[in-house]
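Coordinate inspection notes
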Amino acid sequence: MTDDPRDQREQPAYPRPGLFARALSRRRFLGFVAGGALLAVAGKRTLGLLGGWRFNTVERPVPEFDPATYRLVVDGLVERPFTLTYDELRALPPVRQVSDFHCVEGWGVDDVRWDGVRLQAIMEQARPTAEARFLTFHSLGGIYRDSLSMRQAMFGDTLIAYDMDGEPLSRSHGLPLRLMMPQMYDYKGPKWLTRIEFRSVRDHGFWEQRGWAVNAWIKI
Ligand SMILES: Nc1nc2c(c(=O)[nH]1)N[C@H]1C(S)=C(S)[C@@H](COP(=O)(O)O)O[C@H]1N2
Ligand SMILES: [Mo]
């Protein structure tokens, strides 16, 4: 099962056949797969050429960050749920990394510098219970969310980021906080992150409910 947190195998970036075969005719499904493969090839060619940020959101207007009321809530299957203000978040041990960003639609940005916090720091403070196996990341606004297994959250390059290229995230790029999981397509990375919830079962994110793979390993 791809939901098994111990499963390290790479999974296709496109939905498993079974998921769509039920809803679509075989012909339409094959068209979908062929289209996806074409998109992947086209994406590989244009990455780099079309480097530079775009702006993707399903929230309109985009959520507004108010430092006076903002909290990062850490809860669910943990011994010590807690909340952090923006200042408290920035006071946690900071990490810096440079990593590439990929949207599954075929564009991306290379060598983005991120400053933020490892999820390990969050877990150490929250102490997940034995039942906790997945983390759900919720955005302000209550529309967008996605999840990682505990293992994926502990990857050496997974972080929650508050700065991009040396500046606080702009409002369109997720101020105050976004999840970055560079090994997966960025629909896995909710912007305007406000809650990290530990769960025993995998929660299917916004795009995953619409057919995209839960394990969105980058395929380029
Ligand atoms: N809250 C929220 N987070 C989100 C999205 C979104 O629509 N809402 N889109 C995701 C997708 S598909 C991509 S590619 C990136 C886009 O990030 P950007 O707008 O900063 O370029 O944000 C991800 N995180
Ligand atoms: Mo995306």
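Keep in mind it's a predicted model, so treat the numbers as computed, not measured.

For the rest of this paragraph, the subject is the packing of aromatic side chains. Enumeration according to the criterion identifies 9 aromatic pairs in this entry. Clustering of aromatic rings is evident, with ring pairs tying together Trp53, Phe101, Trp107 and Trp114. When the ring centre of Phe206 is taken as origin, the NZ or CZ atom of Arg210, which lies over that ring, is 3.7 Å away.

Here we come to the pairing of strand S5 (residues 134-139). Of all 6 residues that make up S5, 6 are buried, and the element is covered over most of its length. Of the two faces of S5, the one holding Phe134, Thr136 and His138 and the one holding Leu135, Phe137 and Ser139 are both buried throughout. Where S5 lies against strand S6 (residues 145-149), 5 bridges are found, and the strand directions are antiparallel. When the bridges of S6 are listed, His138 appears paired with Arg145. As consecutive antiparallel partners, S5 and S6 are separated by 5 residues, and within that stretch Gly141 has a phi angle of approximately 100 degrees, a positive value. Relative to strand S10 (residues 193-199), S5 runs antiparallel, the two sharing 6 bridges. Bridging across to S10, Ser139 finds its partner in Leu193.

A word on helix H4 (residues 119-126). The complete set of buried residues in H4 reads Leu119, Ala121, Ile122, Met123 and Ala126. At the C-terminal side of H4, Arg127 shows a positive phi close to 55 degrees.

Here we come to the site of ligand 1. Close to ligand 1 lie 20 residues, the nearest being Arg54, Glu59, His173, Arg178 and Lys191. Within the contact set of ligand 1, an oxygen atom lies 2.9 Å away from a backbone nitrogen or oxygen of Val58. For ligand 1, whose accessible area on its own is 530 Å², the fraction buried by protein is 98%. Here ligand 1 is seated within the largest pocket. When its residues are assigned to classes, the shell around ligand 1 shows 10 nonpolar, 5 polar and 5 charged.

Rules used throughout
Residues numbered from 1 in each chain as written. Chains lettered and ligands numbered in written order. Predicted model: local features only at pLDDT ≥ 70, side-chain atom pairs only at ≥ 80, totals over all residues. Heavy atoms only, no water. Phe/Tyr/Trp six-rings, centres within 6.5 Å; stacked < 30°, edge-to-face > 60°. Lys NZ or Arg CZ within 6 Å of the ring centre and 35° of its normal. Buried < 20%, exposed > 50% of the residue type's maximum accessible area, 1.4 Å probe, protein only. Helix = DSSP H or I, 4+ residues; strand = E, 2+ residues; numbered from the N terminus. Pairing = 2+ DSSP bridges. Near = heavy atom within 4 Å. Polar contact = N/O pair within 3.5 Å; in protein donor to acceptor, adjacent residues only side chain to side chain. Areas by Shrake-Rupley, 256 points an atom, 1.4 Å probe, with all protein chains shown as cover. 1 Å grid on protein atoms, 1.4 Å probe; cavity = no way out; pocket = protein on both sides within 12 Å on 5 of 7 lines; lining within 4 Å. Sits in = over half its atoms within 2 Å of the grid points. Nonpolar A, V, L, I, M, F, W, Y, C, P; charged D, E, K, R; others polar.

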